[in-house]
Amino acid sequence: MEKRRIGVLTGGGDCAGLNSAIKWVVKTALDDRLQKTRRIEYEVVGIRDGWKGLVLPEGEKGGSALRIGTLTEEMVRTWDRYGGTMLGTSRTNPYDPKNLCSETVLENIERFHLDSLIAIGGEDTLGVAHKLYLEGVKVVGIPKTIDKDLSGTDYTLGFETAVNVITEEIDRLRTTAGSHQRIFVVETMGRHAGWLALEGGESSGAYIILIPEYPFEIHQVNELLMEGRRKGARYEIIVVAEGAKPSGYTEVVKEEGIDGFGHKILGGIGEFLSKWISQLTNIETRSITLSHLQRGGVPCAYDRRMGRYFGVAAVDLTVQEDFGKMVSYRNGRITAVPLREAISKLNLVEVQTQYDTERYNGRRTIIPTIHGLVI
Ligand code: F6P
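Residues numbered from 1 in each chain as written. Predicted model: local features only at pLDDT ≥ 70, side-chain atom pairs only at ≥ 80, totals over all residues. Heavy atoms only, no water.

A. Quick peek at the overall build of the chain. Along its length, the chain carries 12 helices and 17 strands. The C-alpha radius of gyration computed for the chain amounts to 22 Å, which stays within 12% of the reference 21 Å derived for 375 residues, consistent with globular compactness. Each principal axis of the C-alpha distribution contributes one length, and for the chain these read about 75 × 55 × 35 Å. Counting across all 375 residues of the chain, residues that qualify as buried make up 54%. Taking the contacts inside the chain whose residues are at least 6 apart along the sequence as the reference set, 72% of them involve residues at least 24 apart. Here the chain contributes 47 positively and 50 negatively charged side chains, and the mean placements of these two sets differ by 4 Å. (Helix = DSSP H or I, 4+ residues; strand = E, 2+ residues; numbered from the N terminus. Rg over C-alpha atoms; globule rule 2.2 N^0.38 Å. Buried < 20%, exposed > 50% of the residue type's maximum accessible area, 1.4 Å probe, protein only. Contact = heavy atoms within 4.5 Å. Lys, Arg positive; Asp, Glu negative; His and termini not counted. Charge placed at Lys NZ, Arg CZ, Asp CG, Glu CD.)

B. Representation of the site of the ligand. Taken together, Arg91, Ile146, Asp147, Met189, Gly190, Arg191, Glu242, His292 and Arg295 make up the full set of residues near the ligand. Between Arg91 and the ligand, the recorded distance is 2.9 Å, taken from a side-chain N or O atom to an oxygen atom. One of the side-chain nitrogen or oxygen atoms of Asp147 is found 2.6 Å away from an oxygen atom of the ligand. In isolation the ligand has 400 Å² of accessible area, and contact with the protein removes 78% of it. Here the ligand is seated within the largest pocket. In this structure, the shell around the ligand is formed jointly by two domains, domain 1 (2-157 + 299-344) and domain 2 (161-296), each of which donates at least three residues. (Near = heavy atom within 4 Å. Polar contact = N/O pair within 3.5 Å; in protein donor to acceptor, adjacent residues only side chain to side chain. Areas by Shrake-Rupley, 256 points an atom, 1.4 Å probe, with all protein chains shown as cover. 1 Å grid on protein atoms, 1.4 Å probe; cavity = no way out; pocket = protein on both sides within 12 Å on 5 of 7 lines; lining within 4 Å. Sits in = over half its atoms within 2 Å of the grid points. Domains from an automatic or database assignment.)

C. Representation of the sheet that holds strand S11 (residues 285-289). The 4 strands lie next to each other as S7-S8-S6-S11, forming an open sheet whose pairing is parallel. What marks the edges here is a single partner per strand, and that holds for strand S7 (208-210) and S11. The mean inter-strand angle of the sheet, taken between neighbouring strand axes irrespective of direction, is 20 degrees. As defined by bridge partners, strand S6 (residues 183-188) adjoins strand S8 (residues 236-241) across 6 bridges and the pair is classed as parallel. The residue bridging Ile183 from the neighbouring strand is Glu236, located in S8. Helix H6 (residues 159-180) rests against S6, S8 and S11 of the sheet, and its axis sits at about 165 degrees to S6. (Pairing = 2+ DSSP bridges. Axes fitted to C-alpha atoms, helices over the stretch in contact; angles between N-to-C directions.)

D. View of the domain arrangement of the chain. Per the domain assignment, the segments making up the chain are domain 1 (2-157 + 299-344) and domain 2 (161-296). For domain 1 versus domain 2, the distance between C-alpha centres works out to 33 Å. Across the boundary between the two partners, domain 1 contributes 18 residues, which contact 16 residues of domain 2. Both sides of the domain 1 and domain 2 interface together cover about 1,500 Å² of buried area, and 51% of this is carbon and sulfur. Ranking the residues of domain 1 by area buried against domain 2 places Arg91, Ile146 and Asp147 at the top, with a combined share of 39%. The interface formed by domain 1 and domain 2 holds 2 salt bridges in total. (Buried area = accessible area lost by both parts, 1.4 Å probe. Salt bridge = Lys/Arg side-chain N within 4 Å of Asp/Glu carboxyl O.)

E. Inspection of helix H9 (residues 269-281) at higher detail. Helix length check: H9 (13 residues) gives 18 Å between terminal C-alpha atoms against 18 Å at 1.5 Å per residue, within 8%. Listing the buried residues of H9 in full gives Ile269, Gly270, Leu273, Ser274, Ile277 and Thr281. An end-on view of H9 places all buried positions within 125 degrees of arc, on one side of the element. Buried residues along H9 sit in contact with S6, S7, helix H8 (218-230), S8 and S11. (Expected span 1.5 Å × (residues − 1). Arc of directions from axis to C-beta.)

F. Fine view of the sheet that holds strand S12 (residues 325-330). Strand order in the open sheet formed by 7 strands is S3-S2-S1-S4-S5-S12-S13, with mixed pairing between adjacent strands. One side of each edge strand has no neighbouring strand; the edge strands of this open sheet are strand S3 (68-71) and strand S13 (333-338). Ignoring strand direction, the axes of neighbouring strands in this sheet form an average angle of 30 degrees. In terms of strand pairing, strand S1 (residues 2-10) meets strand S4 (residues 116-121) through 5 bridges, oriented parallel.

G. The arrangement of the layout of surface pockets in detail. Estimates place the volume of the largest pocket at around 560 Å³. Around the largest pocket, the lining comprises 32 residues; the ones closest to its centre are Arg91, Met189, Arg191, Glu242 and Arg295. Among the secondary structure elements, those contributing two or more residues to the lining of the largest pocket are helix H5 (123-134) and strand S10 (264-266). Broken down by class, the residue content of the lining of the largest pocket amounts to 5 nonpolar, 12 polar and 15 charged. (Points joined across faces, edges and corners; volume = space filled by probe spheres on them. Nonpolar A, V, L, I, M, F, W, Y, C, P; charged D, E, K, R; others polar.)

Okay, structure coming up:
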């Protein structure tokens, strides 16, 4: 029987659901019943720390002793229950002009006899996957990012677990906020996309939600807060995305500089806003940054299930030799789109249909009507 070797890696920020995807890549590739019909015997090897695992060969300075290792069904049996990534991850960009090591990646793909790759990542990791594909590497992508900002898919692994974290933490804040009649500003991740803030805010019933796609006016935030108090509210929860900004300002950055993929390191709008609000309203206002808590912890049921479906589908594409694609979830179905489409532009909140620009919150009209007729 023909033998083939698949390399699997996770790149970019970690999140819940990655281990489930890896487990189901392994189980599907090694499935002995399917092997007979495929007439191919697959081996799956895990590549450590994203693209870095294919840049730094074993034993070299900075390289880990074991960059590549065969994954067995027994090894991955329980992985879907755990957060993070058992393979490790990095933001190493082989095409970064400072590194320029894509040649090394290609050499190592040869050296480790990898017939094809499955890259689990967001726009950066899949951007590298696409470039490698153009250089002749047989690669399939699996979408993951708590930011849900990849195009070509309605879901990216890790998002739902992160929304659950936001909801649970806000539930905790409510009791103390109410006892002290405080305003709480909760900063979420999400980079330039407002999905986490919007859907986390909707799930937790936040009073105000501020997203990057719609720069906010501070006087409107103030007015909404005053209105809430006039109506008898004892406390308010404001969810603000790390990329949100007051109109006329730029995003708040945590530290100067950019990462290997050219991204600014965002963070700090929550604290900034909380000070501003407290001065304007004279109400005690506190801020909390949920930060990496949103990426941690055990995956929720949805991420375990989606990780499974995405893992199985990635092997399907590999078996069918349908490379250069990313598995995706669209209109309720698992399918696949070209990697090019997935990374072509960011998937952002559509303000017109998904955001209430007066209430700074989720929409209050879902089924559009014209003159009372559903359209
Ligand atoms: O892209 C995922 C993400 O969690 C963003 O929401 C956030 O801005 C960034 O990664 C944080 O990255 P790091 O793990 O490098 O702090």
